[in-house]
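One-letter residues, chain by chain:
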Amino acid sequence: MKETCAKTAIKAKRLEKNITIAEVAAAVGKSPTFVAAALTGNHRLTPEQAATVGQLLDLDQESTASLSRFPVRSDFPNMSDPFKYRLLEVIGVYGDALRDMANEMFGDGIMSAIDFSLDMEKVKGSQGEDRCKITLNGKWLEYKTF
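Residues numbered from 1 in each chain as written. Predicted model: local features only at pLDDT ≥ 70, side-chain atom pairs only at ≥ 80, totals over all residues. Heavy atoms only, no water.

Here we look at the packing of aromatic side chains
Summed over the entire model, instances satisfying the criterion amount to 1 aromatic pair. Judged by centre distance (4.8 Å) and plane angle (25 degrees), the ring pair of Phe106 and Trp140 falls under stacked. Here Phe106, found in helix H6 (residues 82–106), pairs with Trp140, found in strand E2 (residues 130–142); they are 34 residues apart in sequence, far enough to count as distant. Judged by relative accessible area, which is 46%, Phe106 ranks as partly exposed. Judged by relative accessible area, which is 22%, Trp140 ranks as partly exposed. (Phe/Tyr/Trp six-rings, centres within 6.5 Å; stacked < 30°, edge-to-face > 60°. Helix = DSSP H or I, 4+ residues; strand = E, 2+ residues; numbered from the N terminus. Buried < 20%, exposed > 50% of the residue type's maximum accessible area, 1.4 Å probe, protein only.)

Quick word on the pattern of salt bridges
Taken as a whole and assessed by the stated rule, the structure comprises 10 salt bridges. The residue Asp96 makes a salt bridge to Arg99 at a minimum N-O spacing of 3.2 Å. One end of the pair is Asp96 and the other is Arg99, both in helix H6 and 3 residues apart, which spans about a single turn. For Asp96, a relative accessible area of 28% gives the class partly exposed. Counted as one network, the salt bridges with shared partners bring together Lys11, Asp96, Arg99 and Asp100. (Salt bridge = Lys/Arg side-chain N within 4 Å of Asp/Glu carboxyl O.)

Some details on the side chain of Ser68
With respect to the element layout, Ser68 can be found in the loop between helix H5 (61–66) and H6. The class for Ser68 is buried, based on a relative accessible area of 16%. Look past the residues within four positions of Ser68 in its chain and what remains in contact with it is Arg44, Leu45, Thr46, Pro47 and Ala50. (Contact = heavy atoms within 4.5 Å.)

A closer look at H6
The largest bend along H6 measures about 55 degrees and falls at Tyr94. For H6, every residue scored as buried is listed here: Gly92, Val93, Ala97, Asp100, Met101 and Ala102. The inward-facing, buried residues of H6 contact helix H1 (2–16), helix H2 (21–28), helix H3 (32–39) and E2. One or two positions beyond H6, positive phi appears at Gly107, with a value near 105 degrees. (Bend = angle between axes of the 7 residues up to and from the residue.)

Below, the structure written as structure tokens:
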């Protein structure tokens, strides 16, 4: 419960100060996706990075400390097939982060799964290892007001 309150407080402070995820990421020298996941409790920052975010957002000590705690990633379904499980884990860990980033970039809406393409390719990593690269490409659909 304490972590949920901290996540809510962190997001509220960031929005109140009109600071983007990209600006927080630049301040700690990490990718926006990683930082967005840390802000939602699905990754952890080093204590030094957490202190930087705490100062930037004017967070209280508890909220700042929460950013460097080990996350418990249990907010997504579990499946027995390892490949599908890992895809669900990616969404579980990064889903909130990606949604927050998409909202900042595009506004209030969703990525279409109808006007959509998905590609997977085998690429080489920086150490020559095989890597699986998956690209999701969906039309952005704004929610309509009425």
